[in-house]
Amino acid sequence: MKVVALSGGIGGAKLALGLMHALGPRELTVVANTADDFEHLGLLVCPDLDTLLYTLGGRADAERGWGRAGESWGCMAALAELGGPDWFQLGDRDLATHLLRTSRLRAGETLTAVMSDLAARFGIAATLLPMSDDPVRTRLKTAQGWMEFQPWFVGRRAEPAVTALDFAGAEAARPSDAVLAALADTELGAVVLCPSNPFISIDPMLAMPWLRAALHGCRAPVIAVSPIIAGQAVKGPTARMLAGFGLEVSATAVARHYGERLSGYVVDSQDAAAAAALAPLPVRATRTLMVSLDDRIALAREVLDMARSIGPRR
Ligand code: GDP
């Protein structure tokens, strides 16, 4: 069964790893949000793509929860000594990714081609694709005005509260041919919306009219997994954003946000009763907190089983 998973960084990568094991890597295409990408110290940093690259490639730091395992911080220390910006942590090994990627992009390669090569270097047999080779950048409106994504997310630790979002460039951005081909594949068995932040990880992809149309036209069922468990986000600002937009902080509210796009929804067992209100949308309740690799694989199996039971949309 072929699957396309739309993913942000940390929450998305957990399920993507489970899907890779449950399906076999060659069946899986992961499309990553690139609207968090930014230029820092002259380098293009792609947080979600790199979280996926390190997670699927077995190079992620499990304890810290982001970045590469076995990381060292010599460059950051030297940068701080020189009075350079040290608000965005870049490990030495991680820097190698940004250096190589940026130099290859400047030499004229596409982000899709560079990431495909880096994934192959890490032995990843799944397909890892940026949502587009065109730049899309999330901007956030707060009580202090519009802010760029990383200065808000990392620099200000996701403060102040967000009142509106803008995905600059999304209207004109074209998903790569590889993304469109994966969604148009007649053998596609499911599109999975990973348990990522719906507003800043999944919505930037859905903000591209071309991707929306491809999703609308594809026959495979679209199954989302809730990033909210019992009224709380496992990590990050998803719950605060729901509240800030005046929505209920619940798994149900995330499904309502995705609306008619969903063919099925996977929630945590703790949210089963409340999710009954989503009927007639098929809902499956299971353990959705992914701590171990077995948790990731078990949740992936539930998602795939649900997709099989729902079958093609038309
Ligand atoms: P980011 O781009 O690194 O912020 O990562 P994502 O957008 O992919 O994921 C953030 C979301 O993942 C948050 O809303 C978390 O609640 C959710 N998340 C993280 N771990 C888990 C988990 O184990 N289970 C579920 N259901 N959601 C999770």
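As a reminder, the structure under discussion sits directly above these lines.
Residues numbered from 1 in each chain as written. Predicted model: local features only at pLDDT ≥ 70, side-chain atom pairs only at ≥ 80, totals over all residues. Heavy atoms only, no water.

S.K.: Hey, could you run me through the overall build of the chain in this one?
M.R.: Of regular secondary structure, the chain possesses 13 helices and 14 strands. Over its C-alpha atoms the chain spans a radius of gyration of 19 Å, differing by no more than 12% from the 20 Å that the globule rule assigns to 314 residues. For the C-alpha atoms alone, the extent of the chain along its principal axes is close to 60 × 40 × 40 Å. Relative to its 314 residues, the chain shows a buried fraction of 53%. If you take every contact in the chain between residues at least 6 apart in sequence, the share linking residues at least 24 apart comes to 68%. Total accessible area computed for the chain in this model is approximately 13,400 Å², and 54% of it derives from carbon and sulfur atoms. Across the chain, the mean location of the 30 positive side-chain charges is 3 Å away from that of the 33 negative side-chain charges. (Helix = DSSP H or I, 4+ residues; strand = E, 2+ residues; numbered from the N terminus. Rg over C-alpha atoms; globule rule 2.2 N^0.38 Å. Buried < 20%, exposed > 50% of the residue type's maximum accessible area, 1.4 Å probe, protein only. Contact = heavy atoms within 4.5 Å. Areas by Shrake-Rupley, 256 points an atom, 1.4 Å probe, with all protein chains shown as cover. Lys, Arg positive; Asp, Glu negative; His and termini not counted. Charge placed at Lys NZ, Arg CZ, Asp CG, Glu CD.)

S.K.: Looking at this structure, I do not really get the environment of Leu128. What am I missing?
M.R.: Turning to its location among the elements, Leu128 is positioned in strand 5 (residues 127-130). Separated by 100 residues in sequence, Leu128 and Leu28 place their C-alpha atoms 8.6 Å apart. Residue contacts for Leu128: discarding those within four places in its chain leaves Val30, Leu49, Leu52, Leu53 and Met115.

S.K.: Please explain the pattern of salt bridges as it appears in this structure.
M.R.: It is possible for side chains bearing opposite charge to pair when their charged atoms get close. In the structure shown here, the tally under the stated rule is 13 salt bridges. Across the pair Arg139 and Asp166 runs a salt bridge, and its minimum N-O distance is 3.3 Å. Highlighted residues: Arg139 in strand 6 (residues 137-142) and Asp166 in strand 8 (residues 162-168), separated in sequence by 27 residues. In this structure, the salt-bridge partner of Glu302 is Arg284, at a minimum N-O distance of 3.0 Å. Of the two residues, Glu302 is situated in helix 13 (residues 293-310) and Arg284 in strand 14 (residues 283-286); the sequence distance between them amounts to 18 residues. With a relative accessible area of 26%, Glu302 lands in the partly exposed category. (Salt bridge = Lys/Arg side-chain N within 4 Å of Asp/Glu carboxyl O.)

S.K.: In this structure, what is going on with the packing of helix 1 (residues 10-23) against helix 13? I would like to understand it.
M.R.: The relative placement of two packed helices comes down to the angle between their axes together with the axis-to-axis distance. One can describe the packing of helix 1 onto helix 13 by two numbers: an axis separation of 7 Å at closest approach and a directional angle of 70°. Considered as vectors, helix 1 and helix 13 are oriented roughly perpendicular to each other. On helix 13, the residues that touch Lys14, Leu15, Leu17, Gly18, Leu19, His21, Ala22 and Leu23 of helix 1 are Leu293, Arg296, Ile297, Leu299, Ala300, Arg301 and Leu304. Its residues placed into classes, the contact of helix 1 with helix 13 shows 10 nonpolar, two polar and three charged. (Axes fitted to C-alpha atoms, helices over the stretch in contact; angles between N-to-C directions. Parallel < 35°, antiparallel > 145°, perpendicular 65-115°, else oblique. Nonpolar A, V, L, I, M, F, W, Y, C, P; charged D, E, K, R; others polar.)

S.K.: Which parts of the structure should I look at to understand the packing of aromatic side chains?
M.R.: Note on aromatic pairs: each is described by the distance of the centres and the angle between the planes. Evaluated as defined, the whole model comprises nine aromatic pairs. Ring centres of Tyr54 and Phe122 lie 6.3 Å apart, and the angle between their planes is 45°; on these two criteria the pair is classed as tilted. One end of the pair, Tyr54, is in helix 2 (residues 47-56); the other, Phe122, is in the loop between helix 5 (111-121) and strand 5, with 68 residues separating them in the sequence. Between Trp66 and Trp73 the ring centres are 6.1 Å apart and the planes differ by 65°, which places this aromatic pair in the edge-to-face class. A residue is classified by how much of its surface remains accessible, and Trp66, at 35% relative accessible area, is partly exposed. Aromatic rings pair up to connect Phe38, Trp87 and Phe88 into one cluster. Over the ring of Tyr54 we find Arg68, and its NZ or CZ is 5.6 Å from the ring centre. It is Arg174 that lies over the ring of Trp210; its NZ or CZ is 5.5 Å from the centre. (Phe/Tyr/Trp six-rings, centres within 6.5 Å; stacked < 30°, edge-to-face > 60°. Lys NZ or Arg CZ within 6 Å of the ring centre and 35° of its normal.)

S.K.: Looking at this structure, I do not really get a nonpolar patch on the surface. What am I missing?
M.R.: Taken together, the side chains of Val234, Leu289 and Val291 define a hydrophobic patch exposed on the protein surface, amounting to about 250 Å² of accessible area. For Leu289, the location among the structural elements is in the loop between strand 14 and helix 13. (Patch = residues over 30% accessible without salt bridge, like charges linked within 9 Å, V, L, I, M, F, W, Y side chains within 5 Å.)

S.K.: Explanation requested: the site of the ligand in the structure shown.
M.R.: As a structural note, the neighbourhood of the ligand is formed by 21 residues, with Ser196, Ser201, Pro227, Thr238 and Thr288 the closest of them. Between the ligand and the protein, one listed contact pairs an oxygen atom with a backbone N or O atom of Gly12 at 2.9 Å. Measuring from a nitrogen atom of the ligand, one finds a backbone N or O atom of Thr288 at 2.7 Å. Relative to its unbound accessible area of 600 Å², the ligand is 94% covered by the protein chains. (Near = heavy atom within 4 Å. Polar contact = N/O pair within 3.5 Å; in protein donor to acceptor, adjacent residues only side chain to side chain.)

S.K.: Before we go on, may I ask you to explain helix 9 (residues 209-217) in this structure?
M.R.: Helical geometry: 3.6 residues make up each α-helical turn, so side chains three or four residues apart lie on a common side. Turning to helix 9, its buried residues number three or more, namely Leu211, Ala214 and Leu215. Buried residues in helix 9, looked at end-on, bunch into an arc of 100°, giving them a common side. Contact partners of the buried residues in helix 9: strand 1 (2-7), helix 7 (177-184), strand 9 (188-193), helix 8 (198-206) and strand 10 (222-225). (Arc of directions from axis to C-beta.)

S.K.: Explain the layout of surface pockets to me, please; I cannot follow it from the model alone.
M.R.: Rolled over the atoms, a probe with the dimensions of a water molecule shows which regions are left empty. Empty space within the second largest pocket amounts to approximately 150 Å³. Lining of the second largest pocket is provided by 14 residues; of these, Asp185, Thr186, Leu188, Arg219 and Ala220 occupy positions nearest its centre. Within the residue set of the lining of the second largest pocket, elements represented by two or more residues are helix 7 and strand 9. Its residues assigned to classes, the lining of the second largest pocket comprises eight nonpolar, four polar and two charged. (1 Å grid on protein atoms, 1.4 Å probe; cavity = no way out; pocket = protein on both sides within 12 Å on 5 of 7 lines; lining within 4 Å. Points joined across faces, edges and corners; volume = space filled by probe spheres on them.)

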